[in-house]
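So you can see what is in the structure, the chains are spelled out below.
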Amino acid sequence: MLEKSNATANLAVKDLAKAKAFYEGTLGLKQIDDMGGELVVYKSGDTLINVYHSQFAGTNKATAVTWTVGDQIETVVKSLKSKGVVFEHYEMPGLTIKGDIHVGQGMKVAWFKDPDGNILNLVDK
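Residues numbered from 1 in each chain as written. Predicted model: local features only at pLDDT ≥ 70, side-chain atom pairs only at ≥ 80, totals over all residues. Heavy atoms only, no water.

1. Details of the pattern of salt bridges
All told, the structure shown has three salt bridges when counted by the stated rule. A salt bridge links Lys81 to Asp100; the nearest nitrogen and oxygen atoms lie 2.7 Å apart. Taken as a pair, Lys81 in helix α2 (residues 73-82) and Asp100 in the loop between β7 (96-98) and β8 (101-104) lie far apart in primary sequence, 19 residues in all. A relative accessible area of 47% means that Lys81 is categorised as partly exposed. (Salt bridge = Lys/Arg side-chain N within 4 Å of Asp/Glu carboxyl O. Helix = DSSP H or I, 4+ residues; strand = E, 2+ residues; numbered from the N terminus. Buried < 20%, exposed > 50% of the residue type's maximum accessible area, 1.4 Å probe, protein only.)

2. Comments concerning the sheet that holds strand β1 (residues 8-13)
Think of a sheet as strands paired side by side through backbone hydrogen bonds, with each pair either parallel or antiparallel. Read from one edge to the other, the open sheet built from four strands follows the order β1-β4-β3-β2, with strand pairing classed as mixed. Taken across any chain shown, the strands that pair with only one partner, and hence form the sheet edges, are β1 and β2 (30-35). Strand-to-strand twist of the sheet, defined as the mean angle between neighbouring strand axes without regard to direction, takes the value 25°. The pairing of β2 with strand β3 (residues 39-44) spans five bridges and is classified as antiparallel. Each bridged residue has a counterpart across the sheet, and for Gln31 the counterpart in β3 is Tyr42. Contacts from helix α1 (residues 16-26) reach β1, β2, β3 and β4 (47-53), with the element oriented near 10° to β3. (Pairing = 2+ DSSP bridges. Axes fitted to C-alpha atoms, helices over the stretch in contact; angles between N-to-C directions. Contact = heavy atoms within 4.5 Å.)

3. Some words on α2
Those residues of α2 lying buried are Ile73, Val77 and Leu80. Burial along α2 is one-sided: seen end-on, the buried residues are contained in an arc of 70°. Seen from the buried face of α2, the exposed residues on the opposite side, beyond 90 degrees, are Lys78 and Ser82. Looking at the buried positions of α2, the neighbouring elements they touch are α1, β6 (87-88), β8, β9 (107-113) and β10 (119-123). (Arc of directions from axis to C-beta.)

Set out below in structure tokens:
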């Protein structure tokens, strides 16, 4: 029923101005809409990301958005790190940490958080 419909990620934030600085300035996403100062819509590839003001911001303890960056993962990690992004390191079976990238099981992945603690990640596949 939904297999041909597009989906949009939704990220709750406490401070929309701070979130805009991160998503636009740090991640380089392009804002395509602003709905009354409570919701900002970003374009990322062929998908959309809604960043919205919420009292429940920072309560999600799981990955909220994944970007597939292919063989550019090392370059993207290095670029984000130069902009002050701190990468998370998790102990996970079958993965070893090389710098800020988890490697194993035929993949490379790196996790980081936005200013509200939303968990974001990059993957090579």
